[in-house]
Amino acid sequence: MKDTYTYQIGESLYLNLTNRCTNRCTFCVRNGKETYEGYALWLRTEPTAEQVLSEIGDPKRYREIVFCGFGEPTCRLDELLFLCDKIHERGGKTRLNTNGHGSIFAGRDISGDLKGRVDRINVSLNAPEEGEYDELCRPLVENAFQGMLDFAECCKRAGIDVRFSVVDCIGAEKVEKCRKLADRLQIPLRVREMIE
Ligand code: SF4
């Protein structure tokens, strides 16, 4: 069976660039799952940007093209940037769903690269403070929580439409703390339901 590089949910097309990730979240949709929404998203090999582009076709057929698969899209930054440019050239819209570790992974602030390429960024906030974040997300990188906040702030300062998200399974009290943190950083927060 062929690897799934792109998959459609609703009116959006999702791009599955990698299975690598800098977190090992306890609630990750990948845990113990072979498929998501009927799509097999574990990859035998990561796709080239050209392979993904040929599957996208005309991006205007979709509401938006979303970088979000079984892994962290910014682990493939060059391919992501290339695809954003091509999608924009063809009149499409782009969104990045990320754990916010792109700058940590690249070893530099990548917000300037994303500006003008990614139309919207959803950053998984997940927890209101470092200890809880580390427990929930089990990061593989140093300074993961603060690095994620810094990334979101840099993207906001660069003029990108940035939102935070949390999963409701963390409980109402922690969601409220996340809301206060997001308010302080002046970044909108979306509370989403846990995907079983
Ligand atoms: S950051 Fe996303 S892909 Fe990575 S482990 Fe967490 S939920 Fe899964």
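Above this text is the structure in question.
Summary of the structure given here. Nothing here was measured: the structure is a model prediction, and the numbers come from that model.

1. Remarks on the site of the ligand
Surveying the vicinity of the ligand reveals the residues Cys-21, Asn-23, Arg-24, Cys-25, Cys-28, Arg-30 and Asn-99. Broken down by class, the residue content of the shell around the ligand amounts to 3 nonpolar, 2 polar and 2 charged.

2. Quick word on the packing of aromatic side chains
Geometrically, a pair of aromatic rings is defined through the distance of the ring centres and the angle of the planes. Applying the stated criterion across every chain, the model contains 4 aromatic pairs. Taking the centre distance of 5.3 Å and the plane angle of 50 degrees together, the rings of Tyr-7 and Tyr-39 count as tilted. Within this pair, whereas Tyr-7 is found in strand β1 (residues 6-9), its partner Tyr-39 is found in strand β4 (residues 39-40), the two being separated by 32 residues in sequence. Assessed through its relative accessible area of 26%, Tyr-39 is described here as partly exposed. Here a set of aromatic residues connected by ring pairs shows up, and it is made of Tyr-7, Tyr-14 and Tyr-39.

3. Some remarks on helix α2 (residues 77-89)
Here α2 contains 13 residues, and its C-alpha end-to-end distance of 18 Å stays within 8% of the 18 Å for a straight helix at 1.5 Å per residue. Within α2, burial applies to Leu-77, Leu-80, Leu-81, Leu-83, Cys-84 and Ile-87. Looking straight down α2, one finds that the buried residues subtend no more than 165 degrees of arc, so they occupy a single side. Projecting away from the buried face of α2 at angles above 90 degrees are the exposed residues Asp-78 and Glu-89. On its buried face, α2 sits against β2 (12-15), α1 (49-56), β5 (65-67), β6 (94-98) and α4 (111-114). The first or second residue beyond α2 is Gly-91, which carries a positive phi of 85 degrees.

Cut-offs applied
- Here the residue numbering is sequential within each chain, running from 1 through the sequence in written order.
- Only residues with pLDDT of 70 or above have their local features reported here, since the model is predicted, and side-chain atom pairs are shown and tallied only from 80 upward, although totals for entire chains, interfaces and linings are computed over all residues.
- Values shown for side chains rest on all heavy atoms present in the structure; no hydrogens or waters enter the calculation.
- Working definition: residue near molecule or strand if any one of its non-hydrogen atoms lies within 4 Å of it.
- Throughout, the ten residues Ala, Val, Leu, Ile, Met, Phe, Trp, Tyr, Cys and Pro are labelled nonpolar, Asp, Glu, Lys and Arg are labelled charged, and all others, Gly among them, are labelled polar.
- Under the pairing criterion, centres of Phe, Tyr and Trp rings, with the six-membered ring standing for Trp, must be within 6.5 Å; the plane angle then separates stacked pairs below 30 degrees from edge-to-face pairs above 60, leaving the rest tilted.
- Secondary structure counts use DSSP, requiring at least four H or I residues in a row for a helix and at least two E residues in a row for a strand, with both numbered from the N terminus.
- Summary of the burial criterion: residues with accessible area below 20% of their type's maximum are buried, those above 50% are exposed, and those between are partly exposed, where the area comes from a 1.4 Å probe applied to protein chains only.
- Working rule for helices: expected span equals 1.5 Å times residues minus one.
- It is the directions from the helix axis to the C-beta atoms that the arc portrays.
- The contact definition used throughout considers only heavy atoms, calling two residues in contact when any of these lie within 4.5 Å.

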